[in-house]
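What follows is each chain in one-letter form.
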Amino acid sequence: MTTNVLILCTHNSARSVLSEGMLNHLARKLDKDVQAYSAGSAPSGRINPYALEALSSAGISTEGYRSKSWDEFTEPGAPTMRVVITVCDSAAAEQCPYWPGSPVKVHWGYPDPSNAPEADKKNAFELTRQAIGYRMLQLLQLQLDAMSNQELQKALTEIANS
């Protein structure tokens with residue numbers, strides 16, 4: 001059964017998009033039945049071009065990516081999430097909607113690469129992509145189908161603290 005993972009950031013333009021791309025890419029490479037989605041509480045309506053460049057430079061397709069609201073994942077017919085990960089501090093502090101299926105929730109914060117000086121932005125996005133990729137690899141090493149929500153919560157929190 002597919003493990004659905006929703007990754008949230010306020011604007012769904014950088015860190016959450018990098019996370020969605022990395023998790024889906026690595027899951028395919030490792031033949032894991034995991035599907036990532038990303039969304040935001042106040043989507044910007046555009047994806048940061050540096051995020052798209054960082055993913056493309058790593059050989060990851062960005063076709064079909066768009067900045068979207070987390071509301072799409074609370075509607076009937078939306079995929080049921082097993083895990084919800086926030087990747088920015090402001091999204092972690094917000095009151096999230098009710099997620100059908102009562103998914104495991106964890107915060108994996110990353111500094112916003114969009115705040116880097118213009119001359120450093122490309123490198124900041126690449127470093128953020130790599131840091132996200134490391135955690136996503138750790139997530140994919142878990143026996144997701146065999147873990148209870150309590151066990152999964154503990155493992156994801158340990159990844160956050162590593």
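See the structure above.
Report follows, based on the coordinates. (Residues numbered from 1 in each chain as written. Predicted model: local features only at pLDDT ≥ 70, side-chain atom pairs only at ≥ 80, totals over all residues. Heavy atoms only, no water.)

**Section: the pairing of strand β2 (residues 34-39)**
Direction of pairing for strand β1 (residues 3-8) relative to β2: parallel, over a ladder of 6 bridges. Within the sheet, the bridge partner assigned to Thr3 lies in β2 and is Val34. Crossover β1 to β2 through helix α1 (residues 15-29) is right-handed. (Pairing = 2+ DSSP bridges. Helix = DSSP H or I, 4+ residues; strand = E, 2+ residues; numbered from the N terminus. Right-handed = clockwise from strand over helix to strand, strands pointing away.)

**A few points about the pattern of salt bridges**
Taken as a whole and judged by the stated rule, the model has 5 salt bridges. For Asp112, the salt bridge identified is with Arg15, shortest N-O distance 3.6 Å. Of this pair, Asp112 sits in the loop between β4 (104-107) and α4 (121-140) while Arg15 sits in helix α1, placing them 97 residues apart in sequence. Taking relative accessible area as the criterion, Arg15 reaches 10% and is therefore assigned buried. Glu158 is the partner of Lys154 in a salt bridge, and the nearest nitrogen-oxygen pair spans 3.2 Å. One end of the pair, Lys154, and the other, Glu158, are both in helix α5 (residues 149-161), 4 residues apart, so they sit about a helical turn from each other. We classify Glu158 as partly exposed; its relative accessible area is 46%. (Salt bridge = Lys/Arg side-chain N within 4 Å of Asp/Glu carboxyl O. Buried < 20%, exposed > 50% of the residue type's maximum accessible area, 1.4 Å probe, protein only.)

**What about the packing of helix α2 (residues 49-57) against α4?**
Two elements in contact, α2 and α4, have axes whose closest approach is 9 Å; the angle formed by their N-to-C orientations is 60°. On the basis of the axis angle, α2 is oblique to α4. Crossing of α2 over α4 shows right-handed handedness. Judged by residue contacts, Tyr50, Ala51, Glu53, Ala54 and Leu55 of α2 engage Lys121, Lys122, Phe125, Glu126 and Arg129 from α4. A class-by-class count of the residues in the contact of α2 with α4 yields 5 nonpolar, no polar and 5 charged. (Axes fitted to C-alpha atoms, helices over the stretch in contact; angles between N-to-C directions. Parallel < 35°, antiparallel > 145°, perpendicular 65-115°, else oblique. Left-handed = near helix turned anticlockwise from the far one by under 90°. Contact = heavy atoms within 4.5 Å. Nonpolar A, V, L, I, M, F, W, Y, C, P; charged D, E, K, R; others polar.)

**A look at the nonpolar core**
In terms of nonpolar packing, the biggest core is built from 38 residues, with Leu23, Ile85, Trp108 and Leu156 touching the most fellow members. Sorting the residues of this core by element identifies β1, α1, β2, α2, β3 (83-86), β4, α4 and α5 as the ones contributing at least two each. Considering every element that reaches this core, the biggest residue donor is α1, with 6 residues. The contacts of Ile85, once residues within four sequence positions are left out, are Val5, Leu6, Ile7, Leu8, Val106, Trp108 and Leu139. Counting residues in hydrophobic clusters, the runner-up holds 8 residues, among them Ala39, Phe73, Val84 and Trp99. (Core = buried A, V, L, I, M, F, W, Y, C linked by side-chain atoms within 4.5 Å.)

**Re α5**
Taking 1.5 Å of rise per residue, the 13 residues of α5 would be expected to cover 18 Å, and the 18 Å separating its terminal C-alpha atoms lies within 8% of that figure. Taken residue by residue, α5 has Leu152, Ala155, Leu156, Ile159 and Ala160 as its buried positions. Around the axis of α5, the buried residues are gathered within 145° of arc, so they sit on the same side. For α5, the exposed residues set more than 90 degrees away from the buried face come down to Gln150, Lys154 and Asn161. Of the surrounding elements, those touching the buried residues of α5 are β3, β4 and α4. (Expected span 1.5 Å × (residues − 1). Arc of directions from axis to C-beta.)

**Topic: the packing of α4 against α5**
Contact geometry for α4 and α5: axes closest at 10 Å, N-to-C directions at 155°. Between α4 and α5, the crossing angle belongs to the class labelled roughly antiparallel. When you trace α4 past α5, the crossing you get is right-handed. Judged by residue contacts, Arg135, Gln138 and Leu139 of α4 engage Leu156, Ile159 and Ala160 from α5. A class-by-class count of the residues in the contact of α4 with α5 yields 4 nonpolar, 1 polar and 1 charged.

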